[in-house]
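Here's the letter readout for the chains.
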Amino acid sequence: MADGMETESRKLLGRLREEMASEAAGQERLDRITHLIADSMRCEVCSIYLFRDDETLELCATEGLAPEAVHQTRMRLGEGLVGRVAKFGEVVNTADAPAAKGFRYMPETGEERYSSFLGVPIQRLGQKLGVLVVQSRDAREFSADEVYALEVVAMVLAEMAELGAFVGEGAALSPLHQQALLLRGGPAQEGSAEGHVWLHEPRVVVTNPIADDPHRELERLNAAVEELRVGVDKMLEISRGGDTEQLQVLEAYRMFANSKGWMRRMEEDIARGLSAEAAVEKEQSQARARMSQVTDPYLRERLADLDDLSNRLLRILTGQGRDNGKEMPPDPILVARNIGPGDLLEYGRSLKGIVLEEGSVGSHAAIVARALAIPLVVHVGRITTEALNGDHILVDGDEGVVHLRPEDTVVSAFRDKMAMQAEAQKRYASIRETPTVTKDGERINLVMNAGLMADLPSLKTSGAEGVGLFRTELQFLIRNQMPKRSELVAQYKRVLDSADGKRVVFRTLDIGSDKVLPYMKHVAEPNPALGWRAIRVGLDKRGVMRMQLQALIRAAEGRPLTVMFPFVAQAEEFREAKWEVNKTIEREKRLGHVLPETLEIGAMLETPSLAFAPQKFFDEVDFISIGGNDLKQFFFAADRENELVRRRYDTLNVSFLSLIERIVERCGISDTPLSFCGEDAGRPIEALCLAAMGIRTLSMRPASIGPVKSLLLRSNLQEVRKIIADARHRGEQSVRPAIMEYLRANG
Ligand code: PEP
Ligand code: MG
């Protein structure tokens, strides 16, 4: 780096700092800044474009272009050279702008006179704020040093914007973090909530982006990095011999903490006049910009590690801890980039809602949120950069929408919706103890799905008649290491204790496919949903299966025990598993343990093949539960996790209902109890049709019991069966339209 440039750039930052300290505000300050930059970079033009909304940039200040164009010239994201810088977060540096790809001529600015163009993004921690441009008449490409200098200035502008330095007149300059925002994400747990933002990891605020004394800043940076390294080494020492994934993350941390490239870039930033914390944040911003473009999951994770490490370093430098000294508001809505299941369980039911910037519907955090029945929206871009602690926020977990700092009209519409939901809940509570008997006298058994201790209180509050599916793998998934047998015994005992005599169907470990245990060796499979999962893993890893069976037998302590094997594709798999149960019973007896009073061993029917198993299989099995989520994905060959296809085929498709009917018939021949435990059991219309096809036990999320019961109590299954038969006869693809019509006509 040329020393002259470095001094020049420090001088410019010094002048910017004076500007920040001056009385001027808003537009005036922006104007003066463009003048300073143009002067320092020896360019005729310097312009600042800021985002007016997500898609539009506006020229907000300029030195050199026509002053009338300020607040008039606008461009869409991706449009023209400025739009390109903003869209891709990349530098555009050209000696001949009019000839450059994407150039758009804007006559009102008079820019045709300028040949060279250098534009850099103004961004802060992945949040795009605008574009800083310098232009000059002579045709030249800007040197690497000049590009770098302009990036440093853009970084300072971003910090100044964050500190409200440009707030004043002009709509485009309205302060950050004050506008009402509607953000869309993905619904992951239904329900609505109103409350105030509680940031899981509050943002570090850098109040001094510019520094006078680079030597002192270097010392501060070195001391902080040293503290960081010592901290990471300590964590590594503690983790040795423990969880391998955590070790890998820490090793990656250490690698970054010792990375010469990372240090060198920050040292250069400091030499240009940035403070130590601003240098860390500049590198962090650039890593985040890269993160948004990288699709490789491994690389994304490493960039996320670097992001985490930068946060730690910022906390050391600024002394701002995780604990920001603020009290959690009484109605907290947790906002985080992501959160682990352990942290979420610690917050527990104190949270009213959760909004995650990343996360996914199948993530462990989502599993916990569901168990706690807390509305959750995932994939809400920008939420962690937009939201401030204490901001008013509305979370719509049904639609996957978040309103941040909402306008009054939005608040009142939202409250109306919440009131209606509360009204419905009251209605459901009033029928909680009512047995589910349809108008034509059919008794339907409504039971619930569970998997975590947090689910257990719902047994009482939902009116469930038992647990039709206890997903034992959830306990394994939310941990960092394999649980011990004694821990499992204690957990299963608690489940049976709170069921208080109601039947609980324990499903043995269903891992593989989307459920990957962090501490088990990961096997890369070309098609995991069709791969080594569930009972296939159990039969190949008998030790784990035996340990779980022993734990279940011991937890039962002489009470009835019900065990179910997932993903049985052919009778022989069930026979082998049953043989293992009987062996375990014998062993437990020899060891002097009390045996369960009764033992039922069932199978989940999740592949079409099992529906066509020999009739003898239906005699051998104590009960069958249809795992509709998997059965449907294999029946239609449509991945349940793939957004492109997962909603494509209707459960009420006549082919699928015919398969269900066939299973009902075959179970009927052997008198085998049959239930349905996929998500569809909890959707009222689907539940009604399943009951009409002859299913008498439906297992669903606790929150679905009220709505499903309410519809069944009002329905006549004979009539529904006839509607289905007629629609099928007419050759319709799905019976849904006919059923909807029938329900509308019958109020
Ligand atoms: C199913 O497949 O329907 C089921 C209940 O199991 P899971 O969703 O846990 O795969
Ligand atoms: Mg399944």
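Everything numeric here is computed off the predicted structure, so don't read it as measured data.

Novice: Mind laying out the domain arrangement of the protein chain, listing which residues take part and the relevant values?
Specialist: Domain annotation of the protein chain identifies domain 1 (8–163), domain 2 (181–202 + 330–419), domain 3 (214–318) and domain 4 (432–746). Around 370 Å² of area is buried between domain 2 and domain 3 when both sides are counted, 21% of it from carbon and sulfur atoms. Area buried by domain 2 at its contact with domain 3 is led by Glu201, Arg337 and Glu358, which between them contribute 80% of it. There are zero salt bridges connecting domain 2 and domain 3.

Novice: Tell me about the coordination of the magnesium ion (ligand 2), and please be specific about residues and values.
Specialist: Octahedral metal centres with six donors ideally show angles of 90 or 180 degrees, and tetrahedral centres with four donors ideally show 109.5 degrees. Around the magnesium ion (ligand 2), the donor atoms from the protein are Glu606 (OE) and Asp630 (OD), and they sit 2.0 to 2.1 Å away. In this pair, Glu606 sits in the loop between β19 (599–605) and α20 (608–611) while Asp630 sits in helix α22 (residues 628–635), placing the two residues 24 residues apart along the sequence. Note on Asp630: relative accessible area 3%, which makes it buried.

Novice: How would you sum up the nonpolar core? Please name residues and give values.
Specialist: In terms of nonpolar packing, the biggest core is built from 119 residues, with Phe565, Phe617 and Leu698 touching the most fellow members. Mapped onto the domain boundaries, this core takes at least three residues apiece from domain 2 (181–202 + 330–419) and domain 4 (432–746). Not counting residues within four places of it along the chain, the set of residues in contact with Leu698 comprises Ile444, Asn445, Leu446, Val447, Phe676, Ala681, Ala687, Leu690 and Leu712. Core analysis: the second largest hydrophobic core is formed by 39 residues, Ile33, Cys46, Leu132 and Phe166 among them.

Novice: Please provide a residue-by-residue account of the environment of Ile585, values included.
Specialist: The residue Ile585 is located in helix α19 (residues 571–590) in this model. For Ile585, a relative accessible area of 15% corresponds to the buried category. Between the alpha carbons of Ile585 and Arg503 there is a distance of 20 Å; along the sequence they are 82 residues apart. Among residues more than four places away in sequence, those in contact with Ile585 are Ile553, Leu595, Pro596 and Leu599.

Novice: How would you sum up the packing of helix α16 (residues 485–499) against helix α18 (residues 542–556)? Please name residues and give values.
Specialist: Orientation of α16 relative to α18, taken along the N-to-C sense of each, is 45 degrees, at an axis distance of 8 Å. For the element pair α16 / α18, the angle class is oblique. For the crossing formed where α16 meets α18, the hand is right-handed. Only Met547, Gln548, Gln550, Ala551, Leu552, Arg554, Ala555 and Ala556 of α18 make contact with α16, whose side of the interface consists of Arg485, Leu488, Val489, Tyr492, Lys493 and Leu496. Per-class residue counts for the contact of α16 with α18 are nine nonpolar, two polar and three charged.

Novice: Describe the pairing of strand β11 (residues 353–356), naming the residues involved and giving the relevant values.
Specialist: The two faces of β11 match: Gly353 and Val355 on one face and Ile354 and Leu356 on the other face are all buried. Here strand β10 (residues 332–336) runs beside β11; their pairing, made up of four bridges, is parallel. Residue Ile333 lies in a different strand from β11, and its bridge partner there is Gly353. What joins β10 to β11 is helix α10 (residues 341–347), and the crossover it makes is right-handed. Relative to strand β12 (residues 376–378), β11 is paired through two bridges, and the arrangement is parallel. Bridged to Val355 within β12 is Val377.

Novice: Tell me about unusual backbone geometry, and name the residues and values.
Specialist: Despite not being glycine, Ala637 shows a phi value in the positive range, around 55 degrees. Within the secondary structure, Ala637 is located in the loop between α22 and α23 (654–670). Backbone geometry places Asp671, a non-glycine residue, at a positive phi of 60 degrees. Looking at the secondary structure, you find Asp671 in the loop between α23 and β21 (674–676).

Novice: Help me get a handle on the sheet that holds β12, residues and values and all.
Specialist: The strand order across the open sheet built from eight strands is β7-β14-β13-β9-β10-β11-β12-β8, with neighbouring strands paired in mixed fashion. Edge positions in the sheet fall to β7 (181–184) and β8 (186–189), since each has one partner strand and no second. Going from strand to strand, the sheet's axes swing by 30 degrees on average, the running direction of each strand aside. When β7 meets strand β14 (residues 401–404), the two strands line up antiparallel, connected through four bridges. In the sheet register, Leu183 faces β14, and the bridge partner there is Val402. Sheet strands in contact with helix α11 (residues 364–371) are β8, β11 and β12, and its direction is about 55 degrees off that of β8.

Novice: I'd like to hear about the site of ligand 1, residue by residue, with values.
Specialist: Taken together, 14 residues sit near ligand 1, with Arg471, Arg507, Glu606, Asn629 and Arg640 positioned nearest. Between ligand 1 and the protein, one listed contact pairs an oxygen atom with a side-chain N or O atom of Arg507 at 2.8 Å. Between ligand 1 and Gly627 there is a distance of 3.4 Å, counted from an oxygen atom to a backbone nitrogen or oxygen. In isolation ligand 1 has 290 Å² of accessible area, and contact with the protein removes 98% of it.

Criteria and cut-off values
- Residues numbered from 1 in each chain as written.
- Chains lettered and ligands numbered in written order.
- Predicted model: local features only at pLDDT ≥ 70, side-chain atom pairs only at ≥ 80, totals over all residues.
- Heavy atoms only, no water.
- Domains from an automatic or database assignment.
- Buried area = accessible area lost by both parts, 1.4 Å probe.
- Salt bridge = Lys/Arg side-chain N within 4 Å of Asp/Glu carboxyl O.
- Donors = N, O, S within 2.8 Å, 3.2 Å for Na, K, Ca; no water.
- Helix = DSSP H or I, 4+ residues; strand = E, 2+ residues; numbered from the N terminus.
- Buried < 20%, exposed > 50% of the residue type's maximum accessible area, 1.4 Å probe, protein only.
- Core = buried A, V, L, I, M, F, W, Y, C linked by side-chain atoms within 4.5 Å.
- Contact = heavy atoms within 4.5 Å.
- Axes fitted to C-alpha atoms, helices over the stretch in contact; angles between N-to-C directions.
- Parallel < 35°, antiparallel > 145°, perpendicular 65-115°, else oblique.
- Left-handed = near helix turned anticlockwise from the far one by under 90°.
- Nonpolar A, V, L, I, M, F, W, Y, C, P; charged D, E, K, R; others polar.
- Pairing = 2+ DSSP bridges.
- Right-handed = clockwise from strand over helix to strand, strands pointing away.
- Near = heavy atom within 4 Å.
- Polar contact = N/O pair within 3.5 Å; in protein donor to acceptor, adjacent residues only side chain to side chain.
- Areas by Shrake-Rupley, 256 points an atom, 1.4 Å probe, with all protein chains shown as cover.

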